[in-house]
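Below are the chains, spelled out letter by letter.
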Amino acid sequence: MTVADVDASRDFLCTHLGYQVAMADDGFASLAREDAAVDIVLLRRGTDVLPAEQRDREASGLILAFTVTDLAAEEARLRAAGAPITMPLREEPWGERLFQMTDPNGVVIQLVEWTAPEHPTDQNEDTAMHVITPTPENVTASPNTTMNGLTAPSRGSAELSTWTVAMESGGTSPEHSISREQVWTVTAGALEVTCDGRTERVSAGQTLVLPPNLVRRIHAPEAAEAHVSMRADGVASVPGTEGTRELPWAR
């Protein structure tokens, strides 16, 4: 990879991904890991060891991808280490789980874990029915709202996440948007939902479809409960803040 600052990419890969310097010189570094199939060679842009037509090119538009096990643990480790995670952990419909970092030279580094069956013989087992029992570990509580995770990729579903929401009387969520459509069925009490400048009251027995990427706020004029479903890769955004946030109860 040809980069502007060899030392910056070298330090990033050694610090966060466990690479070691096998050889190095001015404007050059060769990195290796004993347990990885890929060695990485870094060259400084403009070095004369490259053909003239290649000297000013950089490793742009490149994704350096590594397959790992226990992707969630890797993501947690890198967040704790302060690594710049530029795409949070997500799951694609075809069974790929991934997240991305960006190194100081703009090289995108992707960590991937595959959850789809690799062999046809696994198909019957993976497509069999699953009975999922809620557990206390799947409950997320905020000051006036409790989310109880039901289905999610981490609990046996392939495409959908579902959960229940219990809101105390007078409770109001902060303004936020979700990247995927959500379907809310109120099972007790009532909710007042403001979305895109419009407010609707949704009472027990009624269902509300919330479009993706529109700012909404949810208020409980009385104690209320609802059942929510969403495609499993949805993430939240909060106006005035950067980046996206995962929904822990839906992962």
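Every value quoted in this text rests on a predicted model; they were computed, and no experiment measured them. (Residues numbered from 1 in each chain as written. Predicted model: local features only at pLDDT ≥ 70, side-chain atom pairs only at ≥ 80, totals over all residues. Heavy atoms only, no water.)

1. With respect to the pairing of strand E14 (residues 190–195)
Link 1 in the chain: Relative to strand E15 (residues 198–203), E14 runs antiparallel, the two sharing 6 bridges. Paired with cysteine 195 across the strands is arginine 198, a residue of E15.
Link 2 in the chain: Between the antiparallel neighbours E14 and E15 lie 2 residues, among them aspartate 196 with a positive phi of about 55 degrees.
Link 3 in the chain: As defined by bridge partners, E14 adjoins strand E17 (residues 216–219) across 4 bridges and the pair is classed as antiparallel. By the bridge assignment for E17, threonine 194 is matched with arginine 217. (Pairing = 2+ DSSP bridges. Helix = DSSP H or I, 4+ residues; strand = E, 2+ residues; numbered from the N terminus.)

2. Focus: the sheet that holds strand E19 (residues 235–237)
Link 1 in the chain: On the basis of which strands lie adjacent, the open sheet formed by 3 strands has the order E12-E19-E20 and antiparallel pairing. Single-partner strands in this sheet number two, and they are strand E12 (177–178) and strand E20 (245–246).
Link 2 in the chain: Bridge analysis of E12 against E19 gives 2 bridges, and the strand direction is antiparallel. Bridged to serine 177 within E19 is serine 237.

3. Topic: the environment of leucine 98
Link 1 in the chain: Along the chain, the position of leucine 98 falls in strand E7 (residues 96–102).
Link 2 in the chain: A C-alpha to C-alpha distance of 4.4 Å links leucine 98 and valine 112, two positions 14 residues apart in sequence.
Link 3 in the chain: In this structure leucine 98 touches Leu71, Met87, Pro88, Leu89, Arg90, Glu92, Gln110, Leu111 and Val112, once residues within four positions along its chain are discounted. (Contact = heavy atoms within 4.5 Å.)

4. Thoughts on empty space enclosed by the protein
Link 1 in the chain: Counted under the stated rule, the structure contains 1 cavity of 30 Å³ or more.
Link 2 in the chain: By volume, the largest cavity amounts to about 40 Å³.
Link 3 in the chain: In terms of lining residues, the largest cavity is bounded by Leu89, Glu91, Arg97, Pro153 and Arg251.
Link 4 in the chain: Within the lining of the largest cavity, the residues separate by chemical class into 2 nonpolar, no polar and 3 charged. (1 Å grid on protein atoms, 1.4 Å probe; cavity = no way out; pocket = protein on both sides within 12 Å on 5 of 7 lines; lining within 4 Å. Points joined across faces, edges and corners; volume = space filled by probe spheres on them. Nonpolar A, V, L, I, M, F, W, Y, C, P; charged D, E, K, R; others polar.)

5. So, the layout of surface pockets
Link 1 in the chain: If you add up the space inside the largest pocket, you get close to 550 Å³.
Link 2 in the chain: Met147, Ser173, Pro174, His176 and Trp249 are, among the 26 residues lining the largest pocket, the residues nearest its centre.
Link 3 in the chain: The set of elements that each furnish at least two residues to the lining of the largest pocket consists of strand E9 (139–141), strand E10 (145–151), strand E11 (160–167), strand E13 (182–188), E17 and E20.
Link 4 in the chain: The biggest single contributor to the lining of the largest pocket is E11, with 3 residues.
Link 5 in the chain: Residues of the lining of the largest pocket, tallied by class, amount to 14 nonpolar, 8 polar and 4 charged.

6. Section: helix H1 (residues 6–17)
Link 1 in the chain: Helix length check: H1 (12 residues) gives 16 Å between terminal C-alpha atoms against 16 Å at 1.5 Å per residue, within 8%.
Link 2 in the chain: Every buried residue belonging to H1 is among Val6, Ala8, Ser9, Phe12, Leu13, His16 and Leu17, and all of these are buried.
Link 3 in the chain: Capping of H1 at its N-terminal end is provided by aspartate 5; its side-chain oxygen lies 3.2 Å from the backbone amide nitrogen of aspartate 7.
Link 4 in the chain: Note on H1: the residue one or two positions beyond its end, glycine 18, has a positive phi of about 75 degrees. (Expected span 1.5 Å × (residues − 1). Buried < 20%, exposed > 50% of the residue type's maximum accessible area, 1.4 Å probe, protein only. Polar contact = N/O pair within 3.5 Å; in protein donor to acceptor, adjacent residues only side chain to side chain.)

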